[in-house]
Number of protein chains: 2
Amino acid sequence: MSQPTYVIGHQQPDTDTICSALAYARLKQAQGERVVPARAGELNPETQFVLDQWDCDSPTLLTDASGERLILVDHNEYSQTVEGARNAEIAEIIDHHRIGDVMTSNPIRFRNEPVGSTATILTELFDDADEPLSEDTAGLLLSGLLSDTVVLRSPTTTDTDRAVAKRLASVADVDYEAYGKRLLQQKSKLGEKAPRELVLGDFKEYEIGTHHVGIGQVETVEPAVALDRRDAVLEAMDELVVERTYDLLLVLITDLLEEQSELLVAGDQTRGLSTAFDIEIHERTATLPGVLSRKKQVVPPLETALDSPA
Amino acid sequence: MSQPTYVIGHQQPDTDTICSALAYARLKQAQGERVVPARAGELNPETQFVLDQWDCDSPTLLTDASGERLILVDHNEYSQTVEGARNAEIAEIIDHHRIGDVMTSNPIRFRNEPVGSTATILTELFDDADEPLSEDTAGLLLSGLLSDTVVLRSPTTTDTDRAVAKRLASVADVDYEAYGKRLLQQKSKLGEKAPRELVLGDFKEYEIGTHHVGIGQVETVEPAVALDRRDAVLEAMDELVVERTYDLLLVLITDLLEEQSELLVAGDQTRGLSTAFDIEIHERTATLPGVLSRKKQVVPPLETALDSPA
Ligand SMILES: [Mn+2]
Ligand SMILES: [Mn+2]
């Protein structure tokens, strides 16, 4: 039997990554290809809720992708891929982030669109392939879309996302505002998480210029639960800076209702941040009004900040 | 008035690059965007024939793209872009080659598909946008498709290319086999070209591992015109190796009727070639049966060849 191809999203998987992997594997399977949905890490509570809701098994945990054939969804840089991806064959990429550092020897499909979720693009791929969406596949895709766009409120949301969300909600037979609120509540379940878990729950690494940068994000409707433990979170961040040699480590505590983020800062490369974001940093903390998106509102100004002269 | 966006293909423009730039600019203009078709170099005789045929002006020559906003078509690596592209904003990419080294700060549209021409993908983009194809736009796109696929004979040709070619031929109201033959004849007009022009007429540069590689291709129905001047061509290649510090310089004289290529070799990094292509190189020349595509049949084995131990 031939080697399977794994469809896999980024490390610290979120709902868009998991649901996109599941949906794309279903599309490929419907087209007769031997494709297996996979994941690079543990499911968060929101994603577990979604899988229960749509009666779907968790994707296979892949701990080392060396020698495998991979379809990357929801990311396209090696710093965010599953372990071993540099020694794997990258057969295809479907994403909605900045263009990263993956290069290939052969022409492959790489479909990156500046829309709110990878799930949005996958819905279009089902259409392109004239493949009907089942109720539960539509439910998974809708979950990825609503999770990434904070129920269509994030500035990453496009008209395409809004149109696709309506269609998916109709096929999945749910009210997307009501369902979206249930997702947000799941996302907010910070509960008794240790400070280190708060930082690393939804965490991405970037190489920006010569700098090694980490950015965690806590999306919540109750930011006080995290902010009340600010000193402990900063301490956990300082430990991570040493352990993983970050030049800069940021954590965003994003208030989904007020639509703003509190920024916590660690590492040596903090110079330039005030100018880039037009903020005052006081006791390693600043408020970013209107900021909901790490990708669109934090990473691009960082490139400027880290470029500024010493 | 706001800054225009240039749609531009690779250096040493070929028919697919020019026709894709023209067609995509038309699509964007129809959608109300301020987009200008551009080119990074002189037109070859085949492309000039195509523009005359469909009564179309040549795209604007762009000699320095620094500070500009660019949509790249038919390429996605800096070694093949217009001068200054590293200091330009890359706003979008439409291509059908291997994934190269372009990175961005923001999410952009990057649509790469493993099909025979960029023109094929552009036809799909007109469909996606529900924008009707005029007779002359269909003629341009058909020309790019037939030129890149050697009238659907190249191994890069997919079922999608075949279906799209039929549709375009019907809209453009031409017999694609007959029209394709006229294109091939134009391509073959080697005439009195100097050996250096033969090498550089359709030429691409690649960074493969740590090696600087150049590959020229002469596609013709009369290979003897080039091969009779083999020694002069090899001498021109040796000069280019010194001038431009290539580790390896290859020229393919591709016989479009016999569907094979003669390979001419210059530079220091020739070790590994025999094994990678399973050929015997005799007096810096070898025959590659069935080889029509630089991208699909020459670049990938080269990556193996240049990796082999000293
Ligand atoms: Mn996503
Ligand atoms: Mn092309």
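Preceding this section is the structure that the text describes.
Residues numbered from 1 in each chain as written. Chains lettered and ligands numbered in written order. Predicted model: local features only at pLDDT ≥ 70, side-chain atom pairs only at ≥ 80, totals over all residues. Heavy atoms only, no water.

1. Some details on the relation of the copies chain B and chain A
Taken as rigid bodies, chain B and chain A are interconverted by a rotation of 180° and an axial shift of 0.0 Å, the fit giving an RMSD of 0.0 Å. What the rotation and shift describe, once combined, is the action of a two-fold rotation axis. Considering only C-alpha atoms, the residue of chain B closest to the rotation axis is arginine 111 of chain B, which sits at 2.4 Å. When the interface residues of chain B are mapped onto chain A, 100% of them again fall at the interface, so both copies present the same face. (Least-squares fit on C-alpha atoms with pLDDT ≥ 70 in both. Contact = heavy atoms within 4.5 Å.)

2. Side note on the side chain of aspartate 161 of chain B
Looking at the secondary structure, you find aspartate 161 of chain B in helix 5 (residues 159–172). Those residues within four positions of aspartate 161 of chain B in sequence are excluded, and the remaining contacts are Val115, Gly116, Ser117, Thr120, Leu145, Leu152 and Thr156 of chain B. (Helix = DSSP H or I, 4+ residues; strand = E, 2+ residues; numbered from the N terminus.)

3. Examining the coordination of the manganese ion (ligand 1)
Residue and element names in this part refer to chain A. Protein ligation of the manganese ion (ligand 1) involves Asp16 (OD), Asp74 (OD), His96 (NE2) and Asp148 (OD), the donor distances falling in the range 2.1 to 2.3 Å. Every donor residue of the manganese ion (ligand 1) comes from the same chain, spaced as D-x57-D-x21-H-x51-D. Remark: histidine 96 occurs in the loop between strand 5 (89–95) and strand 6 (109–112) and aspartate 74 occurs in the loop between strand 4 (69–73) and strand 5; sequence separation between them is 22 residues. Grouping residues by exposure puts aspartate 74 and histidine 96 together as buried. (Donors = N, O, S within 2.8 Å, 3.2 Å for Na, K, Ca; no water. Buried < 20%, exposed > 50% of the residue type's maximum accessible area, 1.4 Å probe, protein only.)

4. Quick notes on the interface of chain B and chain A
With 22 residues of chain B in contact, the opposing surface of chain A contributes 22 residues. Counting the contacts that link chain B with chain A gives four salt bridges. In this assembly, chain B and chain A are joined by twelve residue pairs in polar contact (both at pLDDT 80 or more). Those elements giving two or more residues to the side of chain B that touches chain A turn out to be strand 6 (109–112) and helix 11 (294–305) of chain B. If you tally residues by element for the side of chain B that touches chain A, the top one is strand 6 of chain B, at four residues. Split into classes, the residues belonging to the side of chain B that touches chain A amount to eight nonpolar, seven polar and seven charged. Bridge count for strand 6 of chain A against strand 6 of chain B is three bridges, and the pairing is antiparallel. (Salt bridge = Lys/Arg side-chain N within 4 Å of Asp/Glu carboxyl O. Polar contact = N/O pair within 3.5 Å; in protein donor to acceptor, adjacent residues only side chain to side chain. Nonpolar A, V, L, I, M, F, W, Y, C, P; charged D, E, K, R; others polar. Pairing = 2+ DSSP bridges.)

5. Some thoughts on the coordination of the manganese ion (ligand 2)
Reference geometry at the metal: tetrahedral coordination by four donors gives ideal angles of 109.5 degrees; octahedral coordination by six donors gives 90 or 180 degrees. Residue and element names in this part refer to chain B. Looking at the metal site, the manganese ion (ligand 2) is ligated by Asp16 (OD), Asp74 (OD), His96 (NE2) and Asp148 (OD), spaced 2.1 to 2.3 Å from it. When the donor residues of the manganese ion (ligand 2) are listed from N- to C-terminus, their spacing reads D-x57-D-x21-H-x51-D. Taken together, the residues aspartate 16 in helix 1 (residues 15–30) and aspartate 74 in the loop between strand 4 (69–73) and strand 5 (89–95) connect sequence positions 58 residues apart. Look at aspartate 16 and you get buried, because its relative accessible area is 0%.

6. Concerning the sheet that holds strand 11 (residues 285–289) of chain A
Strands pair in a sheet through their backbones, by hydrogen bonds, and they do so in one of two ways: parallel or antiparallel. All names here are of chain A. Ordered by their spatial adjacency, five strands build an open sheet running 7-8-9-10-11, and the pairing between neighbours is mixed. Bordering the open sheet on either side are strand 7 (203–208) and strand 11, each of which pairs with just one other strand. Each neighbouring strand pair of the sheet contributes to a mean axis angle of 25°, computed without reference to strand direction. Judged from the five bridges that link them, strand 10 (residues 260–266) and strand 11 form a sheet pairing that is antiparallel. Bridging across to strand 11, glutamate 262 finds its partner in threonine 287. Sitting on the sheet, helix 9 (residues 230–244) is in contact with strand 7, strand 8 (211–220), strand 9 (248–255), strand 10 and strand 11, with an inclination near 50° to strand 10. (Axes fitted to C-alpha atoms, helices over the stretch in contact; angles between N-to-C directions.)

7. A look at helix 1 of chain B
In an α-helix there are 3.6 residues to a turn, and that puts residues three or four apart on one side. All names here are of chain B. Counted at 1.5 Å a residue, the expected span for helix 1 with its 16 residues is 22 Å, and the 22 Å between its end C-alpha atoms agrees. Of all 16 residues making up helix 1, 13 are buried, and the element is well covered by its neighbours. The N-cap of helix 1, judged by a side-chain oxygen 3.3 Å from the amide nitrogen of aspartate 16 a few residues on, is aspartate 14. One or two positions beyond helix 1, positive phi appears at glycine 32, with a value near 85°. (Expected span 1.5 Å × (residues − 1).)

8. A few points about helix 5 of chain B
All names here are of chain B. Over its 14 residues, helix 5 extends 20 Å from the first C-alpha to the last, a length consistent with the 20 Å expected when each residue adds 1.5 Å. Tucked inside the fold, the buried residues of helix 5 contact helix 3 (118–128), helix 4 (135–148) and helix 6 (176–187). At the C-terminal side of helix 5, aspartate 173 shows a positive phi close to 60°.

9. A few points about the sheet that holds strand 4 of chain B
Taken in spatial order, the twelve strands make up an open sheet running 3(A)-2(A)-1(A)-4(A)-5(A)-6(A)-6(B)-5(B)-4(B)-1(B)-2(B)-3(B), and their pairing is mixed. The open sheet has two free edges, formed respectively by strand 3 (60–61) of chain A together with strand 3 (60–61) of chain B, since each of these has just one partner strand. Contacts between helix 1 (residues 15–30) of chain A and the sheet are confined to strand 1 (5–8), strand 2 (35–39), strand 4, strand 5 and strand 6 of chain A, with strand 2 of chain A contributing the most and set at about 175° to the helix.

10. Thoughts on the pattern of salt bridges
Per the stated rule, a full pass over the model turns up 39 salt bridges over all chains. With a shortest N-O distance of 3.2 Å, arginine 111 of chain A and aspartate 128 of chain A are connected by a salt bridge. Here the residue arginine 111 of chain A occupies a position in strand 6, and aspartate 128 of chain A occupies one in helix 3 (residues 118–128), the gap between them amounting to 17 residues. Exposure remark for aspartate 128 of chain A: the relative accessible area of 46% places this residue in the partly exposed category. Bridged by salt links that share partners, the residues Lys28, Glu33, Glu92, Arg109, Arg111 and Asp128 of chain A together with Glu113 of chain B form one connected network.

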